[in-house]
Amino acid sequence: MPDDDSHSTKAHRSPWNKGKLIGAKPPLRPNQVWSIRTRLLIERRTRDLALFNLAIDSKLRGCDVVALRVEDVAPNGYAVDRATVRQKKTGRPVKFELTDQTRQAVDDFLREAGKRPGEYLFTGRRGRDRAMTTRQYARLLADWVTSIGLDPRVFGTHSLRRTKATLIYRRTGNLRAVQLLLGHTKIESTVRYLGIEVDDALAIAEQVDV
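Undergrad: What am I meant to see in unusual backbone geometry here?
TA: It is generally the case that most residues other than glycine have a negative phi and that most peptide bonds are trans. Look at Arg-44: it is not a glycine, yet its phi comes out positive at around 55°. One non-glycine residue, Lys-59, adopts positive backbone phi at about 60°. Here Lys-59 is to be found in the loop between α3 (46–58) and α4 (62–66).

Undergrad: What exactly am I supposed to notice about the packing of aromatic side chains here?
TA: Geometry of an aromatic ring pair is reported as the spacing of the ring centres plus the angle between the planes. On inspection of all chains with the given rule, the structure shows two aromatic pairs. Pairing Phe-52 with Trp-144 gives two aromatic rings, centres 5.5 Å apart and planes at 80°, and the pair type is edge-to-face. Of this pair, Phe-52 sits in helix α3 while Trp-144 sits in helix α7 (residues 134–147), and the two are 92 residues apart along the sequence. Taken as a pair, Phe-52 and Trp-144 share a single burial class, namely buried. On the numbers, 5.7 Å between centres and 15° between planes, the contact of Phe-109 with Phe-122 is stacked. You can see Phe-109 sitting in helix α6 (residues 100–113) and its partner Phe-122 sitting in the loop between α6 and α7, a full 13 residues away along the chain. Residue Phe-109 shares its accessibility class with Phe-122, and that shared class is buried.

Cut-offs used in this document
Residues numbered from 1 in each chain as written. Predicted model: local features only at pLDDT ≥ 70, side-chain atom pairs only at ≥ 80, totals over all residues. Heavy atoms only, no water. Helix = DSSP H or I, 4+ residues; strand = E, 2+ residues; numbered from the N terminus. Phe/Tyr/Trp six-rings, centres within 6.5 Å; stacked < 30°, edge-to-face > 60°. Buried < 20%, exposed > 50% of the residue type's maximum accessible area, 1.4 Å probe, protein only.

Below is the structure:
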């Protein structure tokens, strides 16, 4: 029979998710994206602006964002229109576009930081030869969302991956396009990822005449 001490230990053990919001992190809304961009511009946080814009455009997982090297997006010293990166999770390549504002942000950062091909694009406190960690990336995101009055417990790095993908789906209803952009191997994964409900599917079907 367990003694009193064992009961006491169990009673004081806190659950791992105590005080945490569990579940899929929601995407940012367009107005929230612009609010963060504006603040980063005003504060002249060149690296953070490049990281934020690139994370949204690339739709990459956090581990892939921090692993980006200069040549992945700027092989000739300036940002390209389109890039291809091999995902760590699946090993499959995924293509993404860089908008004008993202290319400008990346170019400004490359010039200011003196980055060269072969180097990690985003580094942390461990030196230029070490990539920023996903934990550092998550802390930066928490700072960004807090700066515009959002709860950092609600949003995560996956919020940036989902932001543009969700917007594309809502505007086009094209699941296949979103699947390709996210690098999912199965359409079912994209459906779950976007949280698509039956009503969403029916609304899309109603727009198609045969």
